[in-house]
Amino acid sequence: MATGVAAWLPFARAAAIGWMPVANCPMPVAPRDNSKRQDELIILNVSGRRFQTWRTTLDRYPDTLLGSSEKDFFYNEETKEYFFDRDPDAFRSILNFYRTGKLHYPRHECISAYDEELTFFGIIPEIIGDCCYEEYKDRKRENLERLQDDQEENKDMKMPNMNFRETMWRAFENPHTSTMALVFYYVTGFFIAISVITNVVETVPCGSTANQKDMPCGERYTVAFFCMDTACVMIFTVEYLMRLFAAPSRYRFMRSVMSIIDVVAILPYYIGLVMTNNEDVSGAFVTLRVFRVFRIFKFSRHSQGLRILGYTLKSCASELGFLLFSLTMAIIIFATVMFYAEKGSSSSKFTSIPASFWYTIVTMTTLGYGDMVPKTIAGKIFGSICSLSGVLVIALPVPVIVSNFSRIYHQNQRADKRRAQKKARLARIRIAKSGSANAFLQSKRNGLLNELLELTGTEEDEQKLTKSTSLLESQHHHLLHCLEKTTAHEFVDEQMYEQNCLETALQTYPSRSPSISSHDSSVGTCCGRRVKRNTPLPNASTPSAHPIPTHQGPLQELSAIHIQCGDPPSHSTSRSNLNLKTDDSGRINCKGGRITTAIISLPTPPALTPDGDGLHGPPQRRPPPPPGHPAVPSIQTTTSSAGTNIVKVSAL
Amino acid sequence: MSVMGATTLVQTELFQQLLDSDEGELSTVCYRPEGLDRLVQQTKFSKKELQVLYRGFKNECPSGVVNEETFKNIYSQFFPQGDSSMYAHFLFEAFDTHNNGSVSFEDFVISLSIILRGSITDKLNWAFNLYDLNKDGCITREEMTDIMHSIYDMMGKYTYPSMKDSAPMDHVDSFFQKMDKNNDGVVTIEEFLETCQKDENIMQSMHMFDNVI
């Protein structure tokens, strides 16, 4: 049933009285309204602002949130009101929809915010009233275009596994992607310029030699110009062929405007090569040279403004057509008038109507060369009318074209601006995200510290180091921790990761640094065994050898995290193991995996970051820790003699 | 709370506001009903019911009166399949007791009160009034035929079994057969009342209106 007329239902039902006496059979039983609810005031609390309305008002539109039983989910028993945690300003227009039956779009509201509100309350945007619908649709389209532009940016990203052809195409389309492309871009631009200048200079008269008349430079230095021309055409041909090769759809490429321009630019040369022998067509050959000027259009690949201009002209085709048509009409009219007006005059230049066209055009466009002037009075009168009307006729369609150009140009500017801003935005967003990942790593370390402290520490130390995390954070970290345990890998940040990469690279050298050996073994081992090493990672700052006191007390080292899969850890996090100097080779015998120990030395909070090592093996994890957590100490690898110090921990 | 109760709008006023009368633009007619208390006396609705009714009425028709177009519009929304305009027209004629081309809230609510809360006799009287198109006290065959056509039009094309063209006429015949006791070709109010009161079905169906509001 149509919405909004629910209020009239009693009337419609009452009007059925007209059927009763006529009906021959008994009527069905009417449904009873058992609720017998009196119309009551409903309080809608939207983020603190209270709206009140009758229940029947809301019931008018039963397929929306407020009109159906869905609002019961938001009912607050204590305060006996419906609470919605939404924007109260936007809610106003939504509630007014129930009241008046018309949905209006407030212009100051952001289009996507408004859309979201509508979706939340189950109202389809199509019922926006006519007064506001156009505005709404316009803004929505604008927004969509903007988003589409942003998406198209992503297409510029280098996709992995692009074959040579695709790379080439990308290089052609976006010269900024690689240096080679940029070089190519500038070289072709240079040669286009050279070619155009050559064509121009060819016709300039160079000083005469023995002959009387001036020869144009082209005929004087024929060979030089020919070589120049050949070179340019070579370049252009090569470029065209390369583009043709790289194009994803050759057929479409060949049909595109730019490629047609390319072809037209180089074709005259080849035709000229073929036709030099035949004298008859040399006239035609000369004409062909005119087409060489089309090379200048090749610049439109290099200039965005030119492209915009071309696009504008294309989009204003109807206005231009109108301009042309009206001009033609006016020209014909005035030419006829002038011709007949000047017919009487004796030496008039207005010999025929087509001859008068020239006068009319020159006058209407306010050029006024003066080669043809009316001599009779009537002619002069009509001539002045002609020039006045010319201004009008031309002035009318021009603003339309100008506004079109302006709109397209600004759109382009906006697109460029957005592109530039996007990078900065993304970088900032990434930093913010990294904050949360780092928080996890941070809390891991703190967690270990806490464990350690529980074992041994004093109260105050514990409190000092405990960073209070919110419940949300701790639950999130727990989740990440579970993932670590599941996959037998650990999260590290980017620095660690890279260092580990470096180290594994160094692995190949047979130094007996424990770290390296750990890498060796860690490759391909699946389960991590706790490698307890006394790692002296005292102050994370320098990798300089810091002779590790093997254990300076219980609090100093703690192998914290160990991931094991399979083999149960032979050591537990206990003090006794802290000093365990393990023989690496023996140790790392696991199947595959990572050795993961996080070693934390107390005195320096934030504690050491777990070094990542053993980056081989299934790296599956999640967002590679963002660059540069400020507190992250750089890798501590201290290698000292004979296996006393282990450095790191590999966390994945 | 009782917006209308508090305001004792004195007399019914009918005043015209002509906006831009030169261009013959909008002319809004604002009509205010009598006070709530008087309406309570005149109808069988309670104060609360009248309030609800007025709110709905005023919301749909802010100017305070319903014209035939609106009537037809509203009715057509309830019967999307057929053409309800004729029936709506007849209804409008029946509601418009003052015959001034518009139905005010009072007309509306008084008629509603009769239909929904009135006695059986009142209801039947009202129905007779609806059928009697020229209000001359008797229903002729032509009038009945028009009414019947309008009712059948509301059904639309897609019915089961499919509508025969003669269906309304047959129905009119059966109606007259039932009602017209003295076979004079018209049905008077007495014949109508008498027949209806004897008919079980009709009596039964009259009770259907008890719970509409």
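Residues numbered from 1 in each chain as written. Chains lettered and ligands numbered in written order. Predicted model: local features only at pLDDT ≥ 70, side-chain atom pairs only at ≥ 80, totals over all residues. Heavy atoms only, no water.

**Some remarks on the overall build of chain B**
Then, in step 1: Each helix and strand in chain B was counted, giving eleven helices and six strands.
Then, in step 2: Considering chain B as a whole, with its 213 residues, one finds that 42% of them fall into the buried category.
Then, in step 3: Contacts in chain B between residues far apart in sequence, at least 24 positions, make up 54% of those at least 6 positions apart.
Then, in step 4: With the model as given, the accessible surface of chain B reaches about 11100 Å², and the carbon-plus-sulfur share is 52%. (Helix = DSSP H or I, 4+ residues; strand = E, 2+ residues; numbered from the N terminus. Buried < 20%, exposed > 50% of the residue type's maximum accessible area, 1.4 Å probe, protein only. Contact = heavy atoms within 4.5 Å. Areas by Shrake-Rupley, 256 points an atom, 1.4 Å probe, with all protein chains shown as cover.)

**Some details on the overall build of chain A**
Then, in step 1: Per the secondary structure count, chain A includes 23 helices and six strands.
Then, in step 2: Put simply, chain A has 652 residues, and 39% of those count as buried.
Then, in step 3: Pairs at least 24 apart in sequence give 70% of the contacts found in chain A among residues at least 6 apart.
Then, in step 4: Carbon and sulfur atoms make up 63% of the accessible area of chain A, which totals about 35800 Å².

**Digging into the interface of chain B and chain A**
Then, in step 1: Every contact between the two is made by 47 residues of chain B and, on the other side, 35 residues of chain A.
Then, in step 2: Buried surface at the junction of chain B and chain A, both sides included, amounts to about 3500 Å², of which 69% is carbon and sulfur.
Then, in step 3: Across the chain B-chain A interface, the total number found is zero salt bridges.
Then, in step 4: Remark: the boundary between chain B and chain A carries four residue pairs in polar contact (both at pLDDT 80 or more).
Then, in step 5: For the side of chain B that touches chain A, the leading source of residues is helix α3 (residues 47-60) of chain B, giving seven residues.
Then, in step 6: For the side of chain B that touches chain A, the per-class residue count stands at 34 nonpolar, eight polar and five charged. (Buried area = accessible area lost by both parts, 1.4 Å probe. Salt bridge = Lys/Arg side-chain N within 4 Å of Asp/Glu carboxyl O. Polar contact = N/O pair within 3.5 Å; in protein donor to acceptor, adjacent residues only side chain to side chain. Nonpolar A, V, L, I, M, F, W, Y, C, P; charged D, E, K, R; others polar.)

**Considering the environment of A:P21**
Then, in step 1: Inspection of the secondary structure assignment puts A:P21 in the loop between α1 (9-15) and β1 (41-46).
Then, in step 2: Ignoring any residue separated from it by four or fewer positions in sequence, one finds A:P21 in contact with B:A127, B:Y131, B:F175, B:K178, B:M179, B:F192, B:C196, B:I202 and B:M206.

**Digging into the pattern of salt bridges**
Between side chains of opposite charge, a pair can form as their charged atoms come close.
Residues and elements named next belong to chain A.
Then, in step 1: On inspection of all chains with the given rule, the structure shows 23 salt bridges over all chains.
Then, in step 2: A salt bridge links D262 to K298; the nearest nitrogen and oxygen atoms lie 2.8 Å apart. Of this pair, D262 sits in helix α11 (residues 257-275) while K298 sits in the loop between α12 (282-290) and α13 (304-315); the two residues are 36 residues apart in sequence, bridging distant segments of the chain.
Then, in step 3: Its relative accessible area of 2% is what places D262 among the buried residues.
Then, in step 4: Because the salt bridges share partners, they merge into one network encompassing E239, R243, D262, K298 and R301.

**Some points on the packing of aromatic side chains**
Residue and element names in this part refer to chain A.
Then, in step 1: For the structure shown, the criterion picks out 46 aromatic pairs over all chains.
Then, in step 2: Where F405 meets Y409, the ring centres are 6.0 Å apart and the plane angle is 10°; that geometry is what we call stacked. With F405 and Y409 both in helix α17 (residues 398-456), this residue pair falls four residues apart, about one helical turn.
Then, in step 3: The ring of Y82 is capped by K71, whose NZ or CZ atom sits 5.9 Å from the centre of that ring.
Then, in step 4: Above the plane of the ring of F120 lies R86, whose end atom (NZ or CZ) is 4.0 Å from the centre. (Phe/Tyr/Trp six-rings, centres within 6.5 Å; stacked < 30°, edge-to-face > 60°. Lys NZ or Arg CZ within 6 Å of the ring centre and 35° of its normal.)

**Section: the UniProt feature "domain: EF-hand" (unreviewed entry) in chain B**
Then, in step 1: In this numbering, the UniProt entry assigns the feature "domain: EF-hand" (unreviewed entry) to residues 83-118, 119-154 and 167-202 of chain B.
Then, in step 2: Taken as a whole, residues 167-202 of chain B contains 72% helix and 8% strand, while its terminal C-alpha atoms sit 21 Å from one another. (UniProt positions renumbered as here; feature names shortened; annotations may be inferred.)

**Some points on the pairing of β1(A)**
Residues and elements named next belong to chain A.
Then, in step 1: Alignment of β1 against strand β2 (residues 49-54), held across six bridges, turns out to be antiparallel. Across the sheet, the residue bridging to L41 is W54, located in β2.
Then, in step 2: The turn linking β1 back onto β2 is made up of two residues, and S47 within it adopts a positive phi angle of 50°.
Then, in step 3: Summarising the sheet, β1 and strand β4 (residues 81-84) pair through three bridges and their orientation is parallel. Of the residues in β4, the one forming a bridge with V46 is F84. (Pairing = 2+ DSSP bridges.)

**Quick notes on helix α14 (residues 317-342) of chain A**
Residue and element names in this part refer to chain A.
Then, in step 1: Here α14 spans 37 Å end to end across 26 residues, near enough to the 38 Å set by a 1.5 Å rise per residue.
Then, in step 2: Those residues of α14 that fall on the buried side of the exposure criterion are L323, S326, L327, A330, I331, F334, A335, M338, F339, A341 and E342.
Then, in step 3: Looking at the buried positions of α14, the neighbouring elements they touch are α15 (353-364) and α16 (377-395). (Expected span 1.5 Å × (residues − 1).)

**Structural notes on unusual backbone geometry**
Excluding glycine, residues mostly have negative phi values, and the peptide bonds linking residues are mostly trans.
Then, in step 1: Here the amide bond leading from B:Y160 into B:P161 is cis, since omega sits at -5°, within 30 degrees of zero.
Then, in step 2: Examined against the element boundaries, B:P161 turns out to sit in the loop between α8 (141-153) and α9 (167-179).
Then, in step 3: One non-glycine residue, A:T366, lies in the positive phi region at around 55°.
Then, in step 4: Here A:T366 is to be found in the loop between α15 and α16.

**Examining the packing of helix α6 (residues 105-117) of chain B against helix α7 (residues 120-131) of chain B**
Residues and elements named next belong to chain B.
Then, in step 1: Running from N to C, α6 and α7 cross one another at 125°; their axes reach a closest spacing of 7 Å. Between α6 and α7, the angle falls in the class oblique. As α6 packs across α7, the resulting crossing turns out to be left-handed. Residues S111, I114, I115 and L116 of α6 lie in contact with α7, whose contacting residues are D122, K123 and W126.
Then, in step 2: Along the lines of polarity and charge, the residues of the contact of α6 with α7 split into four nonpolar, one polar and two charged. (Axes fitted to C-alpha atoms, helices over the stretch in contact; angles between N-to-C directions. Parallel < 35°, antiparallel > 145°, perpendicular 65-115°, else oblique. Left-handed = near helix turned anticlockwise from the far one by under 90°.)

**Here's the deal with the packing of α9(B) against helix α10 (residues 189-198) of chain B**
Residues and elements named next belong to chain B.
Then, in step 1: The N-to-C vectors of α9 and α10 enclose an angle of 90°; their axes lie 9 Å apart at closest approach. With respect to α10, the axis of α9 lies roughly perpendicular. Of the residues in α10, those touching α9 at F175, K178 and M179 are E191, F192, T195 and C196.
Then, in step 2: Considering only residue class, the contact of α9 with α10 consists of four nonpolar, one polar and two charged.

**Some remarks on the sheet that holds β4(A)**
All names here are of chain A.
Then, in step 1: Read from one edge of the open sheet, four strands run β2-β1-β4-β3, paired in mixed fashion. Pairing within the sheet leaves two strands with one partner each, and these edge strands are β2 and β3 (75-76).
Then, in step 2: Strands in contact with helix α3 (residues 88-100) are β1 and β2; relative to β2, the strand with the most contacts, it is inclined by about 5°.

**Some remarks on the nonpolar core**
Then, in step 1: One finds B:L91, B:M144 and B:F192 to be the most contacted residues of the largest nonpolar core, which totals 62 residues.
Then, in step 2: The biggest single contributor to this core is helix α5 (residues 85-95) of chain B, with seven residues.
Then, in step 3: Residue assignment places this core across two domains, with domain 1 (35-118) and domain 2 (120-212) of chain B each supplying three or more.
Then, in step 4: Sequence-distant contacts of B:F192, that is, excluding residues within four places in its chain, are made with A:P21, B:L124, B:A127, B:F128, B:Y131, B:F175, B:M179 and B:V187. (Core = buried A, V, L, I, M, F, W, Y, C linked by side-chain atoms within 4.5 Å. Domains from an automatic or database assignment.)

**Details of the environment of A:V201**
Then, in step 1: The residue A:V201 is located in helix α7 (residues 179-202) in this model.
Then, in step 2: Leave out the neighbours within four places in its chain, and A:V201 touches A:C217 and A:F225.

**Considerations on the environment of A:A378**
Residue and element names in this part refer to chain A.
Then, in step 1: Among the structural elements, A378 can be located in helix α16.
Then, in step 2: Judged by its relative accessible area of 34%, A378 is partly exposed.
Then, in step 3: Considering only alpha carbons, one finds A378 and Y340, 38 residues apart in sequence, at a separation of 9.5 Å.

**Some details on the side chain of A:S195**
All names here are of chain A.
Then, in step 1: Tracing the sequence through the fold places S195 in helix α7.
Then, in step 2: Residue classification places S195 among the buried positions, given a relative accessible area of 1%.
Then, in step 3: Engagement of the side chain of S195 in a polar contact is seen with the side chain of R295, the distance being 2.7 Å.
Then, in step 4: Dropping the residues within four chain positions of it, S195 is found in contact with C232, F236 and R295.

**Here's the deal with α3(A)**
Residue and element names in this part refer to chain A.
Then, in step 1: With 13 residues, α3 ought to run about 18 Å at 1.5 Å a step, and its terminal C-alpha atoms sit 18 Å apart, in line with that.
Then, in step 2: Among the residues of α3, P88, A90, F91, S93, I94, L95, F97 and Y98 are the ones counted as buried.
Then, in step 3: The distance from a side-chain oxygen at the start of α3 to the backbone nitrogen of D89 is 3.1 Å, and the residue carrying that oxygen is D87.
Then, in step 4: Of the residues one or two after α3, G101 is the one with positive phi, at around 85°.

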